Amino acid sequence: MSEPKPTYRHDYRPPAYRVRHTELRFDLEPGATRVRARLHVERHPERQAGEPLVLDGEQLLLTSIAIDGQALAEAEYALSDTGLTVLRPPERFLLDTEVEISPRENTALEGLYLSNGMYCTQCEAEGFRRITYYPDRPDVMATFSTTVVGDKATLPVLLSNGNPVERGELPDGRHFVTWDDPFPKPSYLFALVAGDLQKVEDRFTTMSGRDVTLQIWVEKANLGKTDHAMASLKRAMQWDEQTYGREYDLDLFMIVAVDDFNMGAMENKGLNIFNTAAVLTHPHTATDATFQRVEGIVAHEYFHNWSGNRVTCRDWFQLSLKEGFTVFRDQCFSADVNSAPVKRIEDVAFFRTAQFAEDAGPTAHPVRPDHYIEIGNFYTLTIYEKGAEVVRMLCNLVGWEAFRRGSDLYFERFDGQAVTIEDFVDCMAEASGLDLSQFMLWYSQAGTPEIDAHGEYDYANAEYRLTLRQRTPATPDQPEKLALHIPIRMGLVGTKSGRDLALTLDGKPLDRDGVIHLREAEQTFVFTDVPEAPVPSLLRGFSAPVQLRFPYGREDLAFLLANDSDGFNRWDAGQRLAMLALDDLIAAHRNGVEKVMDPRVVEAFRALLERGSKDKAVMAEMLTLPSEAYIAEQQPLVDVEAIHAARTFVEQSLAAALSDDFLRLYEENRSDIPYAPTPEQIGQRSLKNVALSYLMAIEDEQAVALAHQQFEADHNMTDVRHALTLLVHSSRDDLADPALRAFGEKWAHEPLVMDQWFAIQVTRPQTDALERVRYLMGHPAFSLKNPNRVRALVGTFANQNRINFHRTDGEGYRLLTDVVIELNRLNPEIAARLVTPLTRWQRFDEPRQELMKGELERIRAEKLSPNVYEVIEKALA
Ligand code: PHE
Ligand code: ZN
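An unreviewed UniProt entry lists the protein under the name Aminopeptidase N, with Billgrantia pellis given as the organism. The record in UniProt for the protein states the following under Catalytic activity (unreviewed entry): "Release of an N-terminal amino acid, Xaa-|-Yaa- from a peptide, amide or arylamide. Xaa is preferably Ala, but may be most amino acids including Pro (slow action). When a terminal hydrophobic residue is followed by a prolyl residue, the two may be released as an intact Xaa-Pro dipeptide." If you open the UniProt record of the protein and go to Cofactor (unreviewed entry), you find "Zn(2+)".

Take the sheet that holds strand S30 (residues 515-518) next. One open sheet holds the three strands; their spatial order is S30-S27-S32, and the pairing between them is antiparallel. Edge positions in the sheet fall to S30 and strand S32 (534-538), since each of these pairs with one other strand and no more. When the angles between neighbouring strand axes are averaged without regard to direction, this sheet yields 35°. Here strand S27 (residues 486-494) pairs with S32 via five bridges, running antiparallel. Bridge assignment links Leu 492 to a residue of S32, and that residue is Pro 536.

Let us look at the confidence of the model for the protein. In the predicted model, the protein carries a mean pLDDT of 98, and the fraction of residues at 70 or more is 100%. Predicted as a complex, the structure gets a pTM of 0.99 and an ipTM equal to 0.99.

Neighbouring ligand 1 are the residues Gln 122, Glu 124, Asn 262, Met 263, Ala 265, Met 266, Glu 267, His 300, Glu 301, Glu 323 and Tyr 379. When contributions to the shell around ligand 1 are tallied by element, the ones reaching two or more residues are strand S20 (265-266) and helix H2 (288-303). Residues belonging to the shell around ligand 1 are distributed by class as follows: four nonpolar, three polar and four charged.

Let us now look at the sheet that holds strand S10 (residues 111-115). Spatially, four strands are ordered S10-S11-S16-S13 in an open sheet, and the strand pairing comes out antiparallel. The open sheet has two free edges, formed respectively by S10 and strand S13 (157-160), since each of these has just one partner strand. This sheet shows a mean twist of 20° between the axes of neighbouring strands, independent of strand direction.

Under the feature "domain: Peptidase M1 alanyl aminopeptidase Ig-like fold" (unreviewed entry), the UniProt entry names residues 447-549. The span residues 447-549 is 0% helix and 49% strand, and its two end C-alpha atoms sit 16 Å from each other.

Moving on, we come to helix H9 (residues 554-563). Among all positions of H9, only Leu 557, Ala 558, Leu 560 and Leu 561 are buried. Each buried residue of H9 lies within a common arc of 160° when the element is viewed along its axis, so the set occupies one face. Taken together, the buried residues of H9 touch S27, S32, helix H10 (567-591) and helix H11 (599-611).

All right, on to the UniProt feature "domain: Aminopeptidase N-like N-terminal" (unreviewed entry) in the protein then. Taking the numbering used here, the UniProt-annotated feature "domain: Aminopeptidase N-like N-terminal" (unreviewed entry) corresponds to residues 104-189. Its end C-alpha atoms 22 Å apart, residues 104-189 is made of 0% helix and 51% strand.

The alternating pattern of strand S3 (residues 33-43) places Thr 33, Val 35, Ala 37, Leu 39, Val 41 and Arg 43 on a buried face, while none of Arg 34, Arg 36, Arg 38, His 40 and Glu 42, on the opposite face, is buried. As paired elements, strand S2 (residues 17-27) and S3 share ten bridges and run antiparallel to each other. Bridge pairing in S3 places Arg 18 opposite Glu 42. Counted between consecutive antiparallel strands, the loop separating S2 from S3 contains five residues.

Calculation notes
- Residues numbered from 1 in each chain as written.
- Chains lettered and ligands numbered in written order.
- Predicted model: local features only at pLDDT ≥ 70, side-chain atom pairs only at ≥ 80, totals over all residues.
- UniProt positions renumbered as here; feature names shortened; annotations may be inferred.
- Pairing = 2+ DSSP bridges.
- Helix = DSSP H or I, 4+ residues; strand = E, 2+ residues; numbered from the N terminus.
- Axes fitted to C-alpha atoms, helices over the stretch in contact; angles between N-to-C directions.
- pLDDT = per-residue confidence, 0-100.
- Near = placed C-beta within 6 Å.
- Nonpolar A, V, L, I, M, F, W, Y, C, P; charged D, E, K, R; others polar.
- Buried ≥ 20, exposed ≤ 12 C-beta atoms within 10 Å, placed from the backbone.
- Arc of directions from axis to C-beta.
- Contact = placed C-beta atoms within 7 Å.

Printed below as a string of structure tokens:
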């Protein structure tokens, strides 16, 4: 087999031909769907006459082809595995093709496929080429008219983008609906859905007074689970009007929920398709985390209507143009409608764990990559989350007013176009008058910048000197890095007053936001008129996606934890304090020395518990220890057992020393009021459940009884799931097993709850976890063809059960490899994602490295999809 070839950003050329309008007709049959396409094509004005027309196409059976009604002779076109070339097309013409495809055979879930008897499509990034021959690239934008034909009895609902304009009956019990989408769009935003679906409908009046119909389409059994998504959609529509002045443009907005979906959801124009896991909720079946995730994803997809659809990407290298901006928008939305500090803490905790790991590994890439083999591998934390951090920095740099002006300019100037990241940043530069040229490096340099900071207080001169040194480590094909423009929001907290001191830099007051700008490899900032010795509070709100080190002592951190005016940094001080204690304990474990808990950490937690907090969700975050994955990220070499032992030890020590406080917290935050996913209730539940986790860390009779009661009380899924997890992760199998059985029986008919049931079991720390995974893979409810199941069982085990996945006998690696090899054939996109933990082999000890590499080699020996090929080659490079 020939090796897949990379695509390079610098090779971009505009298309030789444009498609003005696209007419499609689908005759739906599971094994042989006919797709007729009529493309209104014309030569690009800047390109020469006579160039060939290159159309993408994969796994298509061509049955006819004609130009302006004349069938093409075989010599007039060339067919290959990847497309069709019309050799000498005219200037302007109609191209008619007819192909046959098989949705039933489609397990990759790209293009047109069947999910639970329902037809649906996924076209981003390059799925449309599995539907028909087409210039399947985002810079070809056309209006679409789509006729869907299907059996009326089994497929009563036929949907596509835009507005329905015609429907009617056909012979043989078939019917059709024609849809018109007046907004030019690239093929990746095309969608079609057909099935036996039911809808929930609502309305929204836009700011200019237009009436929009909102529909959520689901299978009948899920009709009761759409309220939260609908309410979220309306909030998102209103927020985008108020915050960005963006109004919805069609008369109809539809969401469809499907069981089998590779990602969370997809922003197809007017017809968003969602993974059921990202849209359905009910207090009995969904946890608080799911309610919040659904709200965020519904908003994200809706926001794409402008940041993505009306203005889209010129090529896939610009993916972060739409994703980084849209994630930033959905993060701000969630912060506005929930607890803003908690949203930031959650996002950053996740980012510093998962994105930092990606940026330090063999698949590290810039926010705007330079090349790829398979674009499907680039829907990453770097493109999405780091991209959002970069947009957030831009917003903070230019200020909200200028950012909003820049955003208006961007949408106005580029409406209906496919553009680049420069186009976006240029609008921000134009609106603000700032020079953003150095800032652009954030888009081109991979790797997490490391900042080493140190400070000195000069009593005699009342000066504080802060020196910052930045360095970005080498990443694959980027050995040298330049200094970035890094905005650092900071304060100096007076050790006597406990207050932020006024900051004077270079004789001038520092701006109100307290931001200093690091632009050089090394820079010293001298603050004058500093009346007392301060502790610096750096990188407030995580003002840049960097790793910042400062030689804080434990007293400094306890001081910041108590006094910092920045809520985010108060939380971070607690995390840093816990990390110092964890570091000592990890060392103790390695050296076989008895572990001793640092009393200063216990006292800091005690003080925190005594002080309390208005925002219970923030308090819950403050009490949560860094995850094993985050701790691992902070170690030079990951010692799986030592990390697990150290973290467990800290948890148990805190629980033992503060059990009365945790018990009080638990009791104070119990509640019988009816469930609602309000920020207040969610905060209260989080705090109560954190307290219960600590109590269960020492597993005394009382704690076990509380957990068991909470499970039995069956008040809402958040509490039930948490209690069940604690039981299953405890030594009390006598209680856990019956509880698991009851839960599994009760929810056997609810796939999304069964996903939880799988996940709870495979995260247990006991040594039988891996055997359980193997056993559960044989469970009748498990299927490798359903991505949610694969993620719940195998993904959760490999990513969240570190102690068992990294077993020294290599069984965890072997299990994952077996699954990856099977999925490589069935669903390459999922396979390439699932293999990620193995690609991080360099972070582990020698014996584990060898085992992991051995498994990667075993994968490499297979006939690989481009997706898995690319990841494996990088991992073994
Ligand atoms: N564009 C989708 C989103 O952000 C994600 C997606 C990518 C979905 C590729 C499916 C396939 O929101
Ligand atoms: Zn998106």
